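Survey of secondary and tertiary structure
What follows is each chain in one-letter form.
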Amino acid sequence: MDLSQTISTIRERRNAGAEQALLALDMVPLSDTDNKYTLLSTAAHHLNDPAVISRWVTLIAAETDTQLKADMLQRLAATGLQQIPDKAGFADLLAGALQQDESRDIILPLLGKLSLSYPPARERLIAFYRQQHNADVNRLVLSWLLIPVHATEADLAFYHSLLDSTYTEDKLLLLNRLLLRDQLTPEQIAQQLQPATPDVIKEMVLRFCFDRSTVPQAALCTLVRSDKNPLIRKAGIQLLAVHGVSDNDVLDTILHALREDPDPAVRQAAMSVFAYSLTLTPATIEHLALCLQTEKDVAVALQLLQLLAPYTEKNEALGEALWQLLDRDIAVDLATAIYDILGRLVPVKPALLEQFMTAYEKEQHDACKAVILKAITSAMNTGESWNRFYLRALEAPSAAIRSWAVQAILYLPLTPENNSTIAAAAPALLQPELPFRQQRLLARKISCIPQLPAAAVQVFSQLADHSNDGELQSIATKVQEKAIAHNGGTQVNWQQWLHKAEVAGDLNGIFPHIWLFYDDNPAMADKILFAAINPSNGGSLYQSGVTDIEVLQFLSVKSGVSDEMSRYALNQLLHTDLGNESKFKWYLLVLKSNPANAELREGLWQLLEKRGRYLNMIQLDELLGIIWKDQLENVFRQHLSQQTTAAGAIPYLQYLEANNSWEPAPALLKDAAQLPGLLSDSSFKDALQRACRAAGVDIDDLLRSIAPPPAPQADGPGFAD
């Protein structure tokens, strides 16, 4: 069987089934209820046939049993509505049946589905919505009426008519549909932004306004002032700032939020508007100036001032308003801010200088006077009268005023006319409140004056004593050096030098001046020089280009070598890494200048034993001879006999090698050779051999002379007789 025959057979069978379904439906009006259900159940299998559907719809219209009618509608809904040939008639049928409560739950979805493909059905739904007042039914009807994304003009008109009568959830959907189509006028948008409107609706409308940059100012101002939700108030402020705030009513609203809103986030949003979104026109500036005169909140007033500051130069009315405000009883913080803003104009408007001078004289608050002086300083005025004015300001009790007075003096050029004024500012260097940077700049400037008065030099002397700043101390030292160079030893502060040498370990400024002015105060100079050679001052002494040997030589010439100096030299010889042998010679010369020092009697023998390889033995012998005189041989023999190791005895042999012409040398060499057990040490024997050679002693004879006699031999056994 080919395909065409198969299709023909199927069509015939389907037509036969449809005809049987139609026959069954024809029997329905003549049957009782039970048979009607049976016949309808049989015919329902062919509801996809248009003729069967038409006949089925006709029966529904004629049926009086509401339950059966509902079942028939449900059967029809299960097959879909695309096959219904007379959609207008079917829509009328459904609309008429809506009044029956039993079928409503079935009819409404049917009519709703039909309205998606057959727009006239929406008119029936809209009409039914308006006829009844059941909230649940209306919500169900509205859910179908809101389904189409592309609503018609009739739909939009219907949506508009419901805005004032639906529940919040439904209204939210209606507004969303209207907003998406831009179908709300600015007046209608503003109507939704009222404090009494539910928050969820206000939030949606505000988001729409942000997206479209729509700014209903009056409604937003009402929200900012009256809404209970801080998030809504904050969003209202941000929306008002979208295009910049230039309207005075809006400006007053922002000020109200900045002053009185209880929520800190809302106040911060208001402050951000002033910082970034305020459009300052002449009218706005004038309005803000008036607000500033009546503002009670200092923080708000300061914020307004910073906004107005850039406009004071070109807006004379604003400048006058600020001057007038200074005549009123206002907070000190506000007054200082105004003086600071107006003070920026002094360099470009010299005429203001006289006003500031007058204000400085009459102002009672030090903080204000400091800011006024800052403005006066910016003009960089010079002359005798200005110099006197700055010096008077240096005596003010306020540290801030003194600081700006110093700044004014820093602006003065270094000329002969100004030098006395600049030098007179030196006491300010001793004020701990003065900023470090200003202190350094002022010290550097004063130090450049060729010849400072004694009072200024005294200040730098105190600065060197008490300042912890290295740069200031360096400047102070240079000033003192310059004063010494000009005025001689009378400018030397001996106590300060001693403190620097003994405590601070700082020898800057002491050398070479102490060489020149030693005779002015020898006692103090001796203390300072001896403190300078303390080992802890080695680095500072090196930086000064001086050695301790030079100091010792100088002192030995000036005042002789004391026991303390001898002790220092002996300690250096015994314990310090001197680096080269020449230094040993110089320290020995210092010891030679004070042979009476008792510590040398034993100290020199320790020196021979510990560091003999570095010493000049002839120089050492000369010093030992001065100390011990005729006793030297016995003392030498005594110390030699105490040595038990080769390392301890070898320095004595080296001494004898160097001083080989010494008369007791051969006898002492013999004593050394007799030290127990040392001849077995090769280093000792080599040193002994060198010493003997230098002294002209035959070492073999020396060794034989000290060798013990041979042991007697025992007699042999003899021969038997």
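Residues numbered from 1 in each chain as written. Predicted model: local features only at pLDDT ≥ 70, side-chain atom pairs only at ≥ 80, totals over all residues. Heavy atoms only, no water.

Counting its secondary structure elements, the protein contains 42 helices and zero strands. Residue burial in the protein is summarised as follows: out of 721 residues, 46% are buried. Across the protein, contacts joining residues at least 24 apart in sequence account for 62% of those joining residues at least 6 apart. On the protein, roughly 37000 Å² of surface is accessible, and the fraction owed to carbon and sulfur atoms is 52%. (Helix = DSSP H or I, 4+ residues; strand = E, 2+ residues; numbered from the N terminus. Buried < 20%, exposed > 50% of the residue type's maximum accessible area, 1.4 Å probe, protein only. Contact = heavy atoms within 4.5 Å. Areas by Shrake-Rupley, 256 points an atom, 1.4 Å probe, with all protein chains shown as cover.)

With that settled, the discussion passes to helix α38 (residues 632-641). For α38, the set of buried residues is Leu632, Val635, Phe636, His639 and Leu640. Down the axis of α38, the buried side of the element spans an arc of 135°, and every buried residue falls inside it. Exposed residues on α38 whose side chains face more than 90 degrees from its buried face are Asn634 and Ser641. Of the surrounding secondary structure, the elements contacted by the buried residues of α38 are α36 (600-611), α37 (617-628), α39 (646-658) and α40 (665-673). (Arc of directions from axis to C-beta.)

Looking now at helix α35 (residues 582-592). All of the buried residues along α35 are Phe584, Tyr587, Leu588, Val590 and Leu591. Buried residues of α35, viewed axially, fall in a sector of 155°; they line one side. In this structure, the buried residues of α35 make contact with α33 (548-558), α34 (563-575), α36 and α37.

So, on to the nonpolar core. Within the largest apolar cluster, 108 residues are counted, with the highest numbers of intra-cluster contacts made by Ile237, Tyr339, Phe356, Leu442, Leu452 and Phe460. When sequence neighbours within four positions are dropped, the list of residues in contact with isoleucine 237 reads Val224, Ile254, Ala257, Val266, Ala269, Ala270 and Val273. Ranked by size, the runner-up nonpolar core spans 79 residues in total, among them Ile510, Leu578, Leu608 and Leu675. (Core = buried A, V, L, I, M, F, W, Y, C linked by side-chain atoms within 4.5 Å.)

Throughout the structure, instances matching the rule amount to 15 aromatic pairs. Note on phenylalanine 636 and tyrosine 655: the rings are 5.2 Å apart at their centroids and 35° apart in plane angle, and the pair reads as tilted. With a gap of 19 residues between them, phenylalanine 636 in helix α38 and tyrosine 655 in helix α39 connect regions that are remote in the sequence. Both residues of the pair, phenylalanine 636 and tyrosine 655, belong to the buried class. Aromatic side chains phenylalanine 636 and tryptophan 662 sit 5.7 Å apart centroid to centroid with 85° between the ring planes, which places their arrangement in the edge-to-face category. Here phenylalanine 636 is found in helix α38, whereas its partner tryptophan 662 is found in the loop between α39 and α40, with 26 residues between them in sequence. (Phe/Tyr/Trp six-rings, centres within 6.5 Å; stacked < 30°, edge-to-face > 60°.)

The N-to-C vectors of α36 and α37 enclose an angle of 160°; their axes lie 11 Å apart at closest approach. The pairing of α36 with α37 is recorded here as roughly antiparallel in orientation. Where α36 crosses over α37, the two elements pack in a sense that is left-handed. Across from Leu600, Arg601, Leu604, Trp605 and Leu608 in α36, the residues of α37 making contact are Met617, Leu620, Leu623, Leu624, Ile627 and Trp628. Each residue belonging to the contact of α36 with α37 can be placed in one class, and the counts come to 10 nonpolar, no polar and one charged. (Axes fitted to C-alpha atoms, helices over the stretch in contact; angles between N-to-C directions. Parallel < 35°, antiparallel > 145°, perpendicular 65-115°, else oblique. Left-handed = near helix turned anticlockwise from the far one by under 90°. Nonpolar A, V, L, I, M, F, W, Y, C, P; charged D, E, K, R; others polar.)

Below, the discussion takes up the environment of glutamine 654. Positionally, glutamine 654 belongs in helix α39. Separated by 36 residues in the primary sequence, glutamine 654 and arginine 690 place their C-alpha atoms 8.4 Å from one another. When neighbours within four sequence positions are excluded, glutamine 654 is seen to be in contact with Gly612, Arg613 and Met617.

Next up on the list: the pattern of salt bridges. Tallied over the full model, the rule gives 15 salt bridges. Across the pair aspartate 199 and lysine 202 runs a salt bridge, and its minimum N-O distance is 3.2 Å. One end of the pair is aspartate 199 and the other is lysine 202, both in helix α12 (residues 199-212) and three residues apart, which spans about a single turn. What makes aspartate 199 partly exposed here is its relative accessible area of 31%. In this structure, the salt-bridge partner of arginine 637 is aspartate 671, at a minimum N-O distance of 2.4 Å. A residue pair is termed long-range when its members are at least 10 positions apart, and arginine 637 in helix α38 and aspartate 671 in helix α40 qualify at 34 residues. For aspartate 671, a relative accessible area of 24% gives the class partly exposed. Within the structure, one salt-bridge network assembled from shared partners comprises Asp199, Lys202 and Asp227. (Salt bridge = Lys/Arg side-chain N within 4 Å of Asp/Glu carboxyl O.)

This brings us to the environment of histidine 365. By the secondary structure assignment, histidine 365 is in the loop between α21 (352-362) and α22 (366-378). With a relative accessible area of 40%, histidine 365 lands in the partly exposed category. Along the chain, histidine 365 and threonine 336 lie 29 residues apart, while their C-alpha atoms are 9.4 Å from each other.

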